[in-house]
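Each chain, letter by letter, is given below.
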Amino acid sequence: MKNFNFKTATSTKEATKLFSGRAAFLAGGMTLLPAIKLRLAAYSDLINIKKIKTLSGIKASSKSLKIGSASTHVTVASSKEVIKSIPSLSFLADGIGDPQVRNRGTIGGSIANNDPAADYPSACLALNAIIHTSKRKIPADKFFKGMFETDLKKGELIEAIEFEIPEKSSYAKFPNPASRYAIVGVYIAKLKKEVRVAITGASSSVYRSKELEAALTNNFSASAINNINISSADLNSDIHASEDYRAHLIKVMAQKAVSNC
Ligand SMILES: Cc1cc2nc3c(=O)[nH]c(=O)nc-3n(C[C@H](O)[C@H](O)[C@H](O)COP(=O)(O)OP(=O)(O)OC[C@H]3O[C@@H](n4cnc5c(N)ncnc54)[C@H](O)[C@@H]3O)c2cc1C
């Protein structure tokens, strides 16, 4: 393990003040610590943010659901507010990794990391989320920039994620049997003004499928997807699934998600 300074912040202000040089915020450590141990990343300072009380808490209103960034996956999965207002989000959180990962990993860490196969980024895009940071509010459409890349600036801390409450929504994932990361995951939300479809695991970063959104806007049913041919161009191909298989899975998972809405 490389040497680094370990600092604990008790407020957002302190966390951003402590952030200097090659620093990183440490939430659940489920991604950051293996990256350091495997020498894929090196930092001079780790700023522990788990003691910041304002990063916890889940609040629902009639229009939105706001989740503190340090909420663990198990907290989101078991929250009464989440189950009542957006049950598909609880379902998504319950399907992340294994019990150890769900007990340590956080929603903020997941979206800051923006792994191409992570689950939460698809929920953020489909549920038209607003990412509240120490500096500003970023719409999900502008937040996810590419593989492991977001719009966050150096030292910018995610404080909360605010999801629009949909009329209906569902998440269908075809998981990697070992890690449970998505080989393909499709999140569908029927919002008050639009239908949104977000896809994870299939490409270099989460994205919205405009063709599925158009089809489901006309007819919100699994049969509306029957005649759509998903192109495999630009899709991932690896030892787990070829690009053609992923294209097929997008269609199957989308039909499953709509049927479950
Ligand atoms: C075995 C295994 C299986 C997994 N399976 C899945 C899965 O099925 N689906 C899935 O989606 N994920 C999966 N994950 C990832 C898991 O969800 C992690 O919880 C997540 O990637 C990172 O969250 P964390 O809180 O541990 O963040 P950390 O590892 O602490 O941090 C990750 C990155 O985010 C930054 N960061 C953390 N919090 C903030 C914040 N509030 N503001 C700004 N930056 C921040 C850190 O500086 C770091 O760069 C798996 C991980 C493991 C180890």
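These numbers come from a predicted model, not from an experiment.

Colleague: What am I meant to see in the overall build of the protein chain here?
Modeller: What the protein chain contains, in helices and strands, is 11 helices and 14 strands. The principal-axis extents of the C-alpha atoms in the protein chain amount to approximately 55 × 45 × 30 Å. Counting the 261 residues in the protein chain, one finds 52% classified as buried. Within the protein chain, contacts between residues separated by at least 24 positions form 58% of all contacts whose residues are at least 6 apart in sequence. Just so you have it, the protein chain exposes about 12,600 Å², and 52% of that area is on carbon and sulfur atoms. In the protein chain, which carries 36 positive and 22 negative side-chain charges, the distance between the mean positions of the two groups comes to 7 Å.

Colleague: Just to check I follow, could you spell out the sheet that holds strand β5 (residues 64-68) for this structure?
Modeller: Remark on secondary structure: sheet strands pair via backbone hydrogen bonds, oriented parallel or antiparallel. Spatially, the 5 strands line up as an open sheet ordered β4-β5-β10-β6-β7, and their pairing is antiparallel. The outermost strands of the open sheet, each flanked by one partner alone, are β4 (58-60) and β7 (137-139). Between one strand and the next, the sheet's axes are offset by a mean angle of 20°, whatever the strand orientation. Bridging between β5 and strand β10 (residues 158-164) involves 5 bridges; their strand directions are antiparallel. Looking across to β10, one finds that Leu 65 is bridged to Phe 163.

Colleague: I tried to follow the pattern of salt bridges on my own but got confused; where do I start?
Modeller: Between side chains of opposite charge, a pair can form when the charged atoms approach closely. Under the criterion given, the structure shown has 12 salt bridges. Between Asp 119 and Lys 173 there is a salt bridge whose closest N-O contact spans 3.0 Å. In this pair, Asp 119 sits in the loop between α7 (107-113) and α8 (120-126) while Lys 173 sits in strand β11 (residues 168-175), placing the two residues 54 residues apart along the sequence. Taking relative accessible area as the criterion, Asp 119 reaches 5% and is therefore assigned buried.

Colleague: What is the right way to look at the layout of surface pockets in this model?
Modeller: If you roll a probe as big as a water molecule over the atoms, it shows you where there is empty space left. In this model, the largest pocket occupies a volume close to 1,400 Å³. Taken together, 49 residues make up the lining of the largest pocket; nearest its centre are Thr 31, Leu 32, Gly 109, Ala 112 and Asn 113. Of all elements in the fold, only β2 (23-26), α2 (32-37), α7 and β9 (149-150) reach the threshold of two or more residues within the lining of the largest pocket. A per-element tally of the lining of the largest pocket places α7 first, with 5 residues. For the lining of the largest pocket, the residue count by class is 23 nonpolar, 16 polar and 10 charged. Per-domain counts for the lining of the largest pocket show at least three residues from each of domain 1 (1-53) and domain 2 (168-260). By volume, the second largest pocket amounts to about 260 Å³. Residue lining of the second largest pocket: Ser 62, Lys 63, Ser 64, Asn 128, Ile 130, Glu 162, Phe 163, Glu 164, Ile 165, Lys 192 and Lys 193, and that is the complete set. Sort the elements by how many residues they give to the lining of the second largest pocket and β10 lands first, with 3 residues. Residue composition of the lining of the second largest pocket, grouped by class: 3 nonpolar, 3 polar and 5 charged.

Reading the values: the criteria
Residues numbered from 1 in each chain as written. Predicted model: local features only at pLDDT ≥ 70, side-chain atom pairs only at ≥ 80, totals over all residues. Heavy atoms only, no water. Helix = DSSP H or I, 4+ residues; strand = E, 2+ residues; numbered from the N terminus. Buried < 20%, exposed > 50% of the residue type's maximum accessible area, 1.4 Å probe, protein only. Contact = heavy atoms within 4.5 Å. Areas by Shrake-Rupley, 256 points an atom, 1.4 Å probe, with all protein chains shown as cover. Lys, Arg positive; Asp, Glu negative; His and termini not counted. Charge placed at Lys NZ, Arg CZ, Asp CG, Glu CD. Pairing = 2+ DSSP bridges. Axes fitted to C-alpha atoms, helices over the stretch in contact; angles between N-to-C directions. Salt bridge = Lys/Arg side-chain N within 4 Å of Asp/Glu carboxyl O. 1 Å grid on protein atoms, 1.4 Å probe; cavity = no way out; pocket = protein on both sides within 12 Å on 5 of 7 lines; lining within 4 Å. Points joined across faces, edges and corners; volume = space filled by probe spheres on them. Nonpolar A, V, L, I, M, F, W, Y, C, P; charged D, E, K, R; others polar. Domains from an automatic or database assignment.

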